[in-house]
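# Overview (structure and organization)
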Amino acid sequence: MPNSIDPTTTAELLARVERESGRTPDHSPLDAWMRAAAHACRAELAERMNAALRSDREAGAKRVHYLSMEFLMGRALSNALAALGLEPAFREAARQAGRDPGEILEREPDAALGNGGLGRLAACFLDSMATLGLPAFGYGLRYEYGMFAQRIRDGEQVEEPDDWLRDGNPWELQRPELRFEVGFGGAVQGLAETGTEALGEPRRWIPSERLHATAWDFIVPGYGTRRVAVLRQWQASPSQPIDLAAFSRGDYAAAGAAKQAAERINWVLYPDDSTATGRRLRLRQEYFLVSASLQDLIARHLEDHGDLQSLGAKAAIHLNDTHPALAVPELLRLLLDEHAMSWDEALAQCKAAFSYTNHTLLPEALETWPVPMLEELLPRHLELIYALNSRFLAQVRAAVPGDEGLIARVSLIDESGQRHVRMAPLSIIASHKVNGVSKLHSELMVETIFADYAKLLPHRFCNVTNGVTPRRWLAQANAPLARLLDQRLGTSPDWRTQLHRLAELAPLATDAEFCAQVQAAKAHNKQRLAARIEHELGLCVDPSSLFDVHIKRIHEYKRQLLKVLDVVARYQAICAAPEQDWLPRTVVIAGKAASAYAVAKLIIRLIHDVAAVVNNDPRVAGRLRVVFLPNYGVSLGEVLFPAADLSEQISTAGTEASGTGNMKFALNGALTIGTWDGATIEMAEAVGREHFFIFGLDAVRVRDLRAQGYEPRSYYNNDPTLRAVLDAIASGAFSPAEPDRYQGLIARLLERDTYLLLADFADYRAAQVRVDALYRRPEAWAERAVLNIAGMGAFSSDRTIRDYARTIWAMPTPD
Ligand code: 26V
């Protein structure tokens, strides 16, 4: 990595800024600077992409194709500069023109083409695949509007469109030569007549609507290598952009209808709620993604290898959740109908190529599609799903005779009400491997939602625990800590690519000087966050207070509401004994609620109502502050994770599949208060459970409590602290203008409490007392912070990708 300033590169960059903006660099707008720097990186990346694709082709290399409806990439410039070794030249050029490099970087909008964990995981994976030199394509959609921008008005979430492409995207490379046709609707012509046996025969689908898919490439640099990964995002256009006959009649709506229908595909990312509205468009998006991607990879395979006999051996196709599961019938269709392969051979190729990751156990998030909708939009695919199903059920009947209950449960078709196709089973039976994303999640997956399939196909299921890229989440986000690691560990080999080297820090946990340096880095990051809070919200927070941070999508199972109950209890305790020596805390919460998720939105409102009361009460001044930072996303996360003292991971045990924020916090030296859930378990095991603040019921106890009949009201009756908290909220203590605003929310807790907040409340409070006590001993706290960092070596997405390469994709494992 060149760390010195290259004067030629600096001069080139200055010249580029001038050429692109038509003004001298000291007068060029910051946006022009950002774009010029991005274009400079893109030019270099395009060369590297070309070299990588050529050498992979010459080597006949196996490739992985990561199909995902979401890639939450965030900003790209800082990461690209670091990977290309251009950062010193960039800073120097900015300096010479009297510009602040940080301000230039801030001009770049986030590419927020994802909802949360699943989309960000895909982005970390691309970074690791590039860095490991694994030949890889990410395939997604080029959404015009990403995750909505969250504004807060009078304490309530307001969604605004995220118009991230408004000024163009300096990173993307349009590939007009990569164009494929994608059909919808119409009918299927029989080359043979229907009937079970004929279902595997080639048929001709005549779609009634034809769109074109064109590729836009975003090149992902690897770190410390010339290798790159390619994120290929599809853009739809109509095959007939204008109906001239309709235009001549003056019927402009009809004249432009095809164009509009095409443009809708790329319109906007769907939020992660399972509401039924607009579902048809979502299905069209999913099919558009998989059809274009498979046609692209088949064309490349034919160029490289001549025929499709080796498709499954040379192309790994990974389904990021079931959102791209239509790839299964689409690949079958392409092989059978377009490439004249036999049924058995086509199915064998599918199984060799496909693998599938499940990211949630929540039943409401398991995708199904109404049969009539599939029949209308994708008639040939529905036939193929039936064909797959009848063969699969025949095998099940042979293996387990006489169990029609089992047949109904494992069928690809849910016949319990209106008929639906179940997308997870479709993905399972056509894949060679199915994985969960943490040890606990993978165990629960085969014990609960996929229990029947796991009995029938025991070798298909496995675990690959998630990870995060240390380049973004440590090197880029936390410059002071990164510098310190460079000093202490050196850079050969670089911890940025060999994260297990963090283990070498463990002996330094008792080194007073090192601990002081770690604390100084933390203090710096807390100052930065405090400044951001003051700038955005006009709120002063004390950087020496304990920063207690809960950031993630707002979901009932993630229990932001439990955090609020804890805050209210603390508030009441301080008010009751103001003379006591309370440890000052700043509670920071951030996260978006899906637009149709009313309870999640109400929780955001409650956080604001509680914050308004707490932050304006002189009795708690200097001891408790509550901050909600709007518009949580990748870039805000890069400020929040490094500034946290305490990481809140408080989901009901058994509900958070893995979590990845938990890893980002610990990597940046925060201690975790959390339940025994997801990957937090493996983190605690790596660091030492005694260094975590674990509380609450574990997954087994959660199951048992539910089975024996959970009665939330008994906790209310028996715990005066809890009762006072719930009574205050329900009676309008935090919403005096509308006292019954939260009555329904509290009634839900008392009557049902699906996520067992009341059962875990007392133990959560007890754990928070332990947190306070440790924070009063800064050396002891710092020691644990260092041990946490030292234990995070295994949670690099490089390790995750090596696991996938070895156990699922059967690709040479990069070292
Ligand atoms: C659900 C839906 C439902 C319908 C519309 C679109 C949509 C989009 C996203 C989702 C949620 C997918 C599940 C998910 O994000 N799971 C998270 O995956 C992370 C990475 O594996 C994991 O760390 C989190 O624990 C898990 O909640």
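Residues numbered from 1 in each chain as written. Predicted model: local features only at pLDDT ≥ 70, side-chain atom pairs only at ≥ 80, totals over all residues. Heavy atoms only, no water.

Our working rule: UniProt positions are given in the numbering used here, feature names are shortened, and annotations may be inferred rather than shown by experiment.
Per an unreviewed UniProt entry, the protein goes by Alpha-1,4 glucan phosphorylase and derives from Enhygromyxa salina. Recorded in UniProt under Subcellular location (unreviewed entry), the annotation for the protein is "Cytoplasm". The protein has a UniProt comment under Catalytic activity (unreviewed entry) that states "[(1->4)-alpha-D-glucosyl](n) + phosphate = [(1->4)-alpha-D-glucosyl](n-1) + alpha-D-glucose 1-phosphate".

## Brief notes about the nonpolar core
For clarity, the threshold we go by: Take the buried residues of types Ala, Val, Leu, Ile, Met, Phe, Trp, Tyr and Cys, join any two whose side-chain atoms come within 4.5 Å, and each joined set is a nonpolar core. Residue exposure (1.4 Å probe, protein chains only): buried if accessible area is under 20% of the type maximum, exposed if over 50%, otherwise partly exposed. Numbering of helices and strands starts at the N terminus; helices are DSSP runs of H or I of at least 4 residues and strands are runs of E of at least 2. The criterion used for residue contact is that any of the two residues' heavy atoms lie within 4.5 Å.
Membership of the largest hydrophobic core comes to 282 residues, with the highest contact counts inside it found for Met129, Trp234, Leu505 and Trp809. In terms of residues, this core owes the most to one element, helix H23 (residues 560–576), which gives 10 residues. The contacts of leucine 505, once residues within four sequence positions are left out, are Leu485, Leu489, Phe514, Val786, Ile789 and Ala790.

## Focus: the environment of leucine 335
Within the fold, leucine 335 resides in helix H12 (residues 327–338). Taking the C-alpha atoms as reference, leucine 335 lies 6.0 Å from alanine 346; in sequence the two are 11 residues apart. Not counting chain neighbours up to four residues away, the residues in contact with leucine 335 comprise Leu308, Leu311, Ala340, Met341, Ala346 and Gln349.

## Structural notes on the sheet that holds strand E24 (residues 693–694)
Rules: DSSP calls a pair of strands paired once it identifies at least 2 bridges connecting them. Working convention: axes come from line fits to C-alpha atoms, limited for helices to the stretch in contact. Angles between N-to-C directions cover 0 to 180 degrees.
Overall, parallel pairing links the 6 strands, which are arranged E21-E20-E19-E22-E23-E24 in an open sheet. In this open sheet, the two edge strands, each paired with only one partner strand, are strand E21 (624–628) and E24. By the bridge criterion, 2 bridges tie strand E19 (residues 546–551) to strand E22 (residues 646–649) in an arrangement that is parallel. Its bridge partner lying in E22, valine 549 is registered against serine 647. Across the sheet, helix H24 (residues 598–615) is in contact with strand E20 (585–590) and E21; its angle to E21 comes to roughly 145 degrees.

## A word on the site of the ligand
Spelled out, the test is: Definition of nearness: a residue and a molecule or strand are near each other if at least one heavy atom of the residue lies within 4 Å of the molecule or strand. Residues adjacent in sequence count toward polar contacts only when both atoms are side-chain atoms; beyond that, a polar contact is any pair of N or O atoms within 3.5 Å, and within protein one must be able to donate a hydrogen and the other to accept it. Here the Shrake-Rupley method, with its probe set to 1.4 Å, supplies the accessible areas, and only the displayed protein chains count as covering residues.
In the region of the ligand, 19 residues are neighbours, and His359, Asn466, Glu656, Ser658 and Gly659 sit closest. Tyrosine 557 is positioned with one of its side-chain polar atoms (N or O) 3.1 Å from an oxygen atom of the ligand. Across the complex, the protein chains shield 91% of the 600 Å² of accessible surface that the ligand would expose by itself. In terms of residues, the shell around the ligand owes the most to one element, helix H6 (residues 117–132), which gives 3 residues.

## Here's the deal with the pattern of salt bridges
The test is simple: Just to be clear on terms, a salt bridge is a Lys or Arg side-chain nitrogen sitting within 4 Å of an Asp or Glu carboxyl oxygen.
All chains considered together, the criterion is met by 66 salt bridges. For glutamate 383, the salt bridge goes to arginine 380, with nearest N and O atoms at 2.7 Å. Separated by 3 residues within a single helix, glutamate 383 and arginine 380 lie in helix H15 (residues 379–399), roughly one turn from each other. Taken individually, glutamate 383 and arginine 380 each receive the classification buried, so the pair is uniform in this respect. Taken together, the shared-partner salt bridges in this structure form one network comprising Asp548, Lys563, Asp566, Arg570, Arg585, Glu648, Arg765 and Asp772.

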